[in-house]
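Letter by letter, the chains look like this.
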Amino acid sequence: FSSDFLKGCGFGLILFLYLRDETRARRVLMAGVFACAMMVGHLVWDTVRDVQATGQLPFQRDFVFWSIFFFPFALVGYLSRSRLRWMALVSAVGIFSVAVMVGFRGAILALVLMMLSLAALGGLWRLVGLGVGLAAAGLAALSFWFPDWGAYALRNLQRFDSSNRVTGHWIPAWDMTIDAPWRGHGYGHIVWQHHYRMQVESHPAWTPVWSQDLGWATTSPHSIFFETLFAAGWPAVVTYVLLLALVVTALLPTVWRSRHELRTSPWLLLALAVLVAVIGNYAIFYQFESPNWRTLPIAIAIVAACHHALVGERKSSLMSSGQRI
């Protein structure tokens, strides 16, 4: 935990103490927008450089993986009517377009559901159509300029298999959890690979993939549910589910009740962005990919700060109404 989770907890605590007023809430929201824009900008620069050097389009799936958390921040940044709203929109559209063009199915599912959530809560229905249209245009351009990549993306988008997730990752995680259902085997992909190698030969139903670095092994369970179950057992899974439920109950009722005031309240905007980011990533996207544990406590810290501020604002509003009466 010292390598990822503890560092995230430390920064999350600093962030919680920092978020004390609307100005700082707006800064954190814009920091998420800038993070998204910088990732998209680096992706474009890296792609152009590789195309000029090799004449081939590089595989940029990892950029999408790391930028998905900031996708809601970019869309909410557009909703906020900031001076940077068009940069935010271009960044969000860029992430979605690249996810489509590389055929990243898990990312596309998470991005679409996050867009729909933001459309329902923030009234961004026109952006859903814009994003889909631009992604289709990008896929068409990709098929024209780089036919091989276009064909690859189309094949991926037409697939309905699990990409070896079930028999190659989830069933092994389940089988190994049976040996330690309450305490788990320990945190970390090295621990996973150690136990996997020890048991792979005795489980013919598993379908491992050959890797020159790992041999007959997988890097992780490729699911936050199964990774938590393998690492720390059922108590940790229950705790994790309760944590997600706490995030939803802490922010969703307030955001929904005050959705008509979204564009004027930095706290509501930041709450909407982090709520959708947590649910889109930790309840949807990371069910198919290895989770980013470092970001989780940071996101929870922002949730706690937003909840604290919004509850305080509501109490102040009720007190002012009582005094007027």
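Look up: the structure comes first, before these words.
Residues numbered from 1 in each chain as written. Predicted model: local features only at pLDDT ≥ 70, side-chain atom pairs only at ≥ 80, totals over all residues. Heavy atoms only, no water.

1. Re the overall build of the chain
Scanning the chain from terminus to terminus reveals 13 helices and two strands. For the chain, buried positions account for 48% of its 325 residues. Relative to all contacts within the chain whose residues are 6 or more apart in sequence, the contacts with residues 24 or more apart total 75%. Total accessible area on the chain stands at roughly 16,700 Å², and carbon and sulfur atoms take up 66% of it. (Helix = DSSP H or I, 4+ residues; strand = E, 2+ residues; numbered from the N terminus. Buried < 20%, exposed > 50% of the residue type's maximum accessible area, 1.4 Å probe, protein only. Contact = heavy atoms within 4.5 Å. Areas by Shrake-Rupley, 256 points an atom, 1.4 Å probe, with all protein chains shown as cover.)

2. Observations regarding helix H6 (residues 105-122)
The end-to-end C-alpha separation of H6 is 25 Å, in line with the 26 Å expected for 18 residues at 1.5 Å each. Within the sequence span of H6, burial applies to Gly106, Ala107, Ile108, Ala110, Leu111, Met114, Met115, Leu118, Ala119, Leu121 and Gly122. Taken from the residues just after H6, Gly123 is the one with a positive phi, measuring 70°. (Expected span 1.5 Å × (residues − 1).)

3. As for helix H9 (residues 165-177)
Along its length, H9 reaches its greatest deviation from straightness, about 30°, at Ile171, and the proline Pro172 lies no more than four positions downstream. Every buried residue belonging to H9 is among Arg165, Gly168, His169, Trp170, Pro172, Ala173, Met176 and Thr177, and all of these are buried. Summarising the contacts, the buried residues of H9 are in contact with helix H3 (61-67), helix H10 (189-199) and helix H11 (224-257). (Bend = angle between axes of the 7 residues up to and from the residue.)

4. Observations regarding the side chain of Gln199
You can see Gln199 is positioned in helix H10. When sequence neighbours within four positions are dropped, the list of residues in contact with Gln199 reads Met176, Asp179 and Trp206.

5. Some points on unusual backbone geometry
Phi is positive for His222, close to 55°, though the residue is something other than glycine. Structurally, the position occupied by His222 is in the loop between strand E2 (215-216) and H11.

6. Observations regarding the side chain of Ser290
In this fold, Ser290 is placed in the loop between helix H12 (266-284) and helix H13 (295-324). Given the relative accessible area of 15%, Ser290 is considered buried. One polar contact links Ser290 to Ser220, side chain to side chain, over a distance of 2.4 Å. (Polar contact = N/O pair within 3.5 Å; in protein donor to acceptor, adjacent residues only side chain to side chain.)

7. Let's talk about the nonpolar core
Counting residues in each nonpolar core, the largest one holds 71 residues, and the members touching the most others are Leu19, Phe71, Leu251, Leu270 and Leu272. Listing elements by their share of this core, those giving two or more residues are helix H2 (22-54), H3, helix H4 (71-79), helix H5 (85-101), H6, H11, H12 and H13. The greatest single-element share of this core, amounting to 14 residues, is contributed by H12. Aside from chain neighbours lying at most four places away, what touches Leu19 is Arg24, Ala25, Val28, Trp267, Leu270, Ile302 and Ala305. The next biggest cluster of nonpolar side chains, apart from the first, holds 11 residues, and it includes Trp170, Phe226, Phe230 and Val237. (Core = buried A, V, L, I, M, F, W, Y, C linked by side-chain atoms within 4.5 Å.)

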